[in-house]
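Inside the fold
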Amino acid sequence: MGRIHVLPDQVANKIAAGEVVERPASVVKELLENSLDAGAGDIRVEAEGGGRRLIRVTDDGCGMLRDDALLALERHATSKISRVEELECIATLGFRGEALPSIASVSRMVIETRAAEEPVGARVEVAGGRLLSVSECVRPPGTSITVRDLFFNVPARRKFLRTEQTELAHIASLVTHYSLAHPAKSFELVHEGRTLLSAAPVATAAERVFQVFGAETLEELVELEPRTAAEGRFTLSGFISRPQVQKTNRNSIFLFVNRRLIRDRLLLHAISAAYANLMPPSAFPFALLFLDCDPGEVDVNVHPSKTEVRFRAASFVHDFVRDALRETLVASRPAPAAPLPSLPVPGVSQPAARLPYSEFTQALEDFRLAGIPPDTPRSVLPELTLAPPPEPQPRLDLQPADPPTPPGPAPAAAAPPTPACPAAEPAAAPPGPEASRLRLPDTHASIPEGLALDPPSSMAALEQVRILGQLHDSFIIAAGPDGLWIIDQHVAHERILFEKFLDRLSRGRAEQQRLLLPLILTLTPAQEADYQRIAGELSRAGFETEPFGHRTIAVKAAPADLPPQNIEQAVFEILEIADAELRRFTVEEFRAALAASLACRAAIKINTRLEPEKMEWLVRELARTRYPMSCPHGRPVALRYSNRDILRSFHRI
Ligand code: ADP
Ligand code: MG
C-alpha cells in the first residue's frame, strides 16, 4: 500500500504556494529536507558546475515504493499530511508535495529509490516534467535523486543564476546549516570530486560545530544550557558568541525552529536585545540557536520557501529567547583573549572538513536574498530590518502624539544609541592558531611549575588578580592565576558606574550632590521640549532641575559620582539622547542610555595616574559587577594573555 497521495483541493489551496526552485541551492534544500523527513542518517550531496550541471542527493532513508516514486511527481502529492487541520501542526520539513514536481519540470531528473521492504528498487526518469522511463534498479534501501541541467528549458531563469562559486557557496551554506542542526547524522558535500564538508555523526552539537567551523570558532562561543519554558512546549539550545566577537551584519546568526533554518525578525530582535549594552548597537554576534517547540506553536505555512514562520505566542517567544541569551552571557562572564601573533605550529593540522568561514557568511548573505532575482540592485532590496519588537514594556510616554515612524531602515539593534565614548577603539582579535588542539611536543615538555595550562577563560579570575602596576597612566596590569591581565581603567570604571547608575535609576533611589551655586543652562526650543518630556527621568537619575525663566533651567543638584565640571555636558548629552530616539525607547532602554552617558562622563579618564589603592579598588569593584567584560558601548574592559599563549609565544610549548 503506497504512502503518498494527492492532496484534496481544499487542502492544496490552503498552502502558501509559490515557486520553490529559484536556484541550485533551493533544489538542494528541498532534496535535503526530503531526506531528513525520510529519516535518513546518512546524507550525501554531490554537485557539479555550482549545481547547474548536476545535483545529486543520496540518502539511506525509508525510500519509496515504485508507484509512490511516480506519484511523488504529481503536484500536491505528499505522504506527510492529508487533512487541513494537519497544516496547523506540521512536524515534517516538507508538507506541500510541490518540490519534486517543480524541480522535475525545470530539469532532467532521475529518481532511484528502494523501500526497505522491496527486493528491488525503482528508477524513474523525467525531463522537463515529461516522464521518460520507469525501470527497476539494484540499490540499497534509500533514495538518490539526480537533477541535471537545471533550467535547461527555462533560459530566462538560467540567465539569472550567478557565478558557479556563488551558487556553490549557497549550497555549501545550506548543507552546513542542516548538518549543524542534526549532529547525529552524517553529511557529506562533494563538488566535482572535491570534498567540501564531511561530517561524521557525533554525539553533541559542540562536536558538530568543531567539525564544521573548527576550534577557533568554538572557542569564541558559549554554549547555552538547554532550557525549556511553558511546560516544556519550548526548548532552546545552541551557541552564542562572546560579546567581543563582533560581526558587521546579521549573517552569522543561524536560527532553527524545529530544526528548520529560518529567518525571523522576532528572534533577531530578541538576540539584539540580549546583547544590548554589551556590544555596540551597530555590531552583531554569531549565534546558532535551536528553538524546538510543539508544532502547534508555530505556523510554517507562511512563505513558499518555508524560511519564515509565525509564532502563536510571539512576545513570549521573544522574551524567552532574550532572557535565555542574556543569562547565558552574564553567567559565562567570558574574558577576551589578547590577540597573539600567529605562530606556525608544527604538527597541528586543520580539521578535515572545514569550509572557509567567509564562504559561509557570503552564502548566508545570499541566503537572505534568496528569492530575489540575483540581478536586483542591492539598494532596492528590502533590508532585513527589525520590526518594532513586541512590546514587552510600556513605552515612555514622552510625546503627545506619536508621529508615524518614517519607513526605512529601523535601528540596527534594540540598544539605545549611547553616545560614543572618547577612547580608542579596540583592535579586533585576529583568529589565533588553534589553541585547543595543541599538544606538547615531547622535546619541550618543561612547563614552568605552577602554570595552569587550561585556565578558566572567565572573568571570575579577576577576583584573584594581583596588581602589578599601571601602563601609560591608562591601563592596569595585573597577574592572575590564568595569565596576565591588562585592564582599561576608563572602561572598567565606566562598567562599574553604568551598573550603579542603572540600578539607582530603576529603583528610583539616586544619590545626589548639591551644587553650591545652581548651574544655569540655556536651551534651544527643541531642547526645552525634550527637557519637558524627560524632567521626571532626570530627577530619578539624581538631577534636581527647575525652569528658570525663558528657555533656561537651573540645575541645583546632580548625581553623586558625576564630577561637577561634567554636569553641563552630561545634561546636554541626555537631552540629545532624548531628542534623537526617545519615541522608540522603552523606559528600560532610555534608562540604559542615560546610565551609559552618565557613566562615561563620570568614569576615570585614561591618562590619569592612579594610586595602587585606587587600582585595587577599581579591579575589586569591577569583579563585582554583573557583566565585567565590556563597557556599555561594547568595548572590552580587559585583555588577558593566557598562560598558554605566553608559553606558546616563548616557544615553550
Ligand atoms: P513534500 O516533501 O512536501 O511531501 P515533495 O515533492 O518534496 O513534497 O516530495 C513528495 C513526496 O515524495 C514526499 O511526501 C515523500 O513521501 C516522497 N519523497 C521525496 N523524497 C524522498 C526521499 N528522499 N525519501 C523518501 N521519500 C521521499
Ligand atoms: Mg519536500
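Residues numbered from 1 in each chain as written. Chains lettered and ligands numbered in written order. Predicted model: local features only at pLDDT ≥ 70, side-chain atom pairs only at ≥ 80, totals over all residues. Heavy atoms only, no water.

**Let's talk about the overall build of the protein**
Secondary structure assignment for the protein yields 17 helices and 24 strands. Out of the 653 residues belonging to the protein, those deemed buried represent 52%. Carbon and sulfur atoms make up 53% of the accessible area of the protein, which totals about 28,700 Å². (Helix = DSSP H or I, 4+ residues; strand = E, 2+ residues; numbered from the N terminus. Buried < 20%, exposed > 50% of the residue type's maximum accessible area, 1.4 Å probe, protein only. Areas by Shrake-Rupley, 256 points an atom, 1.4 Å probe, with all protein chains shown as cover.)

**A look at the sheet that holds strand S24 (residues 638-642)**
Pairing within the open sheet is antiparallel, and its four strands lie in the order S18-S19-S20-S24. If you trace the sheet from one side to the other, it starts and ends with strand S18 (466-471) and S24, each paired once. On average, each strand axis in the sheet is inclined to that of its neighbour by 20 degrees, with strand direction left out of account. Note: strand S20 (residues 483-488) against S24, five bridges, orientation antiparallel. Pairing of Leu-484 across the sheet is with Tyr-641, part of S24. The sheet strands contacting helix H16 (residues 612-624) are S18, strand S19 (475-480) and S20, and the helix crosses S18 at an angle near 115 degrees. (Pairing = 2+ DSSP bridges. Axes fitted to C-alpha atoms, helices over the stretch in contact; angles between N-to-C directions. Contact = heavy atoms within 4.5 Å.)

**With respect to the pairing of strand S7 (residues 130-137)**
Examined bridge by bridge, strand S6 (residues 121-127) and S7 share seven bridges and lie antiparallel to one another. Pairing of Ala-127 across the sheet is with Arg-130, part of S7.

**Focus: the site of ligand 1**
Every one of the 22 residues lining ligand 1 counts as a neighbour, but Asn-34, Thr-78, Ser-79, Lys-80 and Gly-97 are closest to it. Backbone polar atom of Leu-100 to an oxygen atom of ligand 1: 2.9 Å apart, as the coordinates give it. With the chains in place, 95% of the 530 Å² that ligand 1 exposes on its own is no longer accessible. Where the shell around ligand 1 is concerned, the elements lending two or more residues are helix H2 (24-37), strand S4 (77-78) and helix H4 (99-105). Looking at the shell around ligand 1, the element that brings in the most residues is H4, giving three residues. By residue class, the composition of the shell around ligand 1 is ten nonpolar, eight polar and four charged. (Near = heavy atom within 4 Å. Polar contact = N/O pair within 3.5 Å; in protein donor to acceptor, adjacent residues only side chain to side chain. Nonpolar A, V, L, I, M, F, W, Y, C, P; charged D, E, K, R; others polar.)

**Points about helix H10 (residues 314-332)**
Spanning 19 residues, H10 covers 27 Å between terminal C-alpha atoms, matching the ideal 27 Å at 1.5 Å per step. Among all positions of H10, only Val-317, His-318, Phe-320, Val-321, Arg-322, Ala-324, Leu-325, Thr-328, Leu-329, Val-330 and Ser-332 are buried. Elements that come into contact with the buried residues of H10 comprise strand S11 (221-229), strand S12 (234-241), helix H9 (265-275), strand S15 (287-293) and strand S17 (310-311). (Expected span 1.5 Å × (residues − 1).)

**Quick look at helix H6 (residues 164-181)**
Taking 1.5 Å of rise per residue, the 18 residues of H6 would be expected to cover 26 Å, and the 26 Å separating its terminal C-alpha atoms lies within 8% of that figure. Counting buried residues in H6 gives 16 out of 18 residues, a clear majority hidden from the surface.

**A closer look at the sheet that holds S15**
Judged by pairing direction, the sheet is mixed, and its five strands sit side by side in the order S11-S12-S15-S13-S14 without closing on themselves. The open sheet terminates on both sides in strands that have one partner only, identified here as S11 and strand S14 (260-262). With strand direction ignored, the average angle separating the axes of adjacent strands in the sheet is 20 degrees. Against the sheet, helix H7 (residues 205-213) contacts S11, S12, strand S13 (253-257) and S15, and its axis sits at roughly 40 degrees relative to S12.

**Some points on the pattern of salt bridges**
Taken as a whole and judged by the stated rule, the model has 35 salt bridges. Glu-46 is paired through a salt bridge with Arg-56; the nearest N and O atoms lie 3.4 Å apart. Of the two residues, Glu-46 sits in strand S2 (residues 42-48) while Arg-56 sits in strand S3 (residues 54-59), which places them ten residues apart along the sequence. With a relative accessible area of 18%, Glu-46 lands in the buried category. Classification of Arg-56 as partly exposed rests on a relative accessible area of 21%. Residue Glu-511 is joined to Arg-504 by a salt bridge in which the shortest nitrogen-to-oxygen separation is 3.6 Å. When salt bridges that share partners are traced, they join Arg-44, Glu-46, Arg-56 and Glu-188 into one network. (Salt bridge = Lys/Arg side-chain N within 4 Å of Asp/Glu carboxyl O.)

**A short note on the packing of aromatic side chains**
Applying the stated criterion to the full structure yields six aromatic pairs. Ring geometry for Phe-234 against Phe-316: centres 5.6 Å apart, planes inclined by 45 degrees, an arrangement best described as tilted. Of the two residues, Phe-234 sits in strand S12 while Phe-316 sits in helix H10, which places them 82 residues apart along the sequence. With centroids separated by 5.7 Å and ring planes inclined at 80 degrees, the aromatic side chains of Phe-254 and Phe-286 adopt a geometry described as edge-to-face. You can see Phe-254 sitting in strand S13 and its partner Phe-286 sitting in the loop between H9 and S15, a full 32 residues away along the chain. Across the pair, Phe-286 and Phe-254 agree in class, each one buried. Chaining the aromatic ring pairs together yields one cluster made of Phe-213, Phe-254 and Phe-286. The ring of Phe-152 is capped by Arg-108, whose NZ or CZ atom sits 4.0 Å from the centre of that ring. Across the ring face of Trp-617, the terminal group of Lys-614 is positioned such that the distance to the ring centre comes to 4.9 Å. (Phe/Tyr/Trp six-rings, centres within 6.5 Å; stacked < 30°, edge-to-face > 60°. Lys NZ or Arg CZ within 6 Å of the ring centre and 35° of its normal.)

**With respect to the environment of Pro-280**
One can find Pro-280 in the loop between H9 and S15. Once the C-alpha coordinates of Pro-280 and Pro-243 are considered, the two residues, 37 residues apart in sequence, prove to be 9.4 Å apart.

**Description of the nonpolar core**
Leu-236, Leu-289, Phe-311, Leu-325, Leu-462 and Ile-487 are the most contacted members of the largest nonpolar core, which totals 63 residues. The contacts of Phe-311, once residues within four sequence positions are left out, are Val-257, Asp-264, Leu-266, Leu-267, Leu-291, Glu-297, Val-298 and Val-317. Judged by nonpolar contacts, the second largest core, of 56 residues, contains Leu-36, Val-45, Ile-55 and Phe-290. (Core = buried A, V, L, I, M, F, W, Y, C linked by side-chain atoms within 4.5 Å.)

**With respect to the confidence of the model for the protein**
Confidence in the prediction for the protein averages 79 pLDDT; 78% of positions are at 70 or higher. Taken as a whole, residues 340-447 scores under 50 in pLDDT and shows 202 contacts with residues more than four places along the chain or in a different chain. Low confidence marks residues 452-457, where pLDDT is under 50. Its contacts with residues over four positions away, or in another chain, come to 16 contacts. (pLDDT = per-residue confidence, 0-100.)

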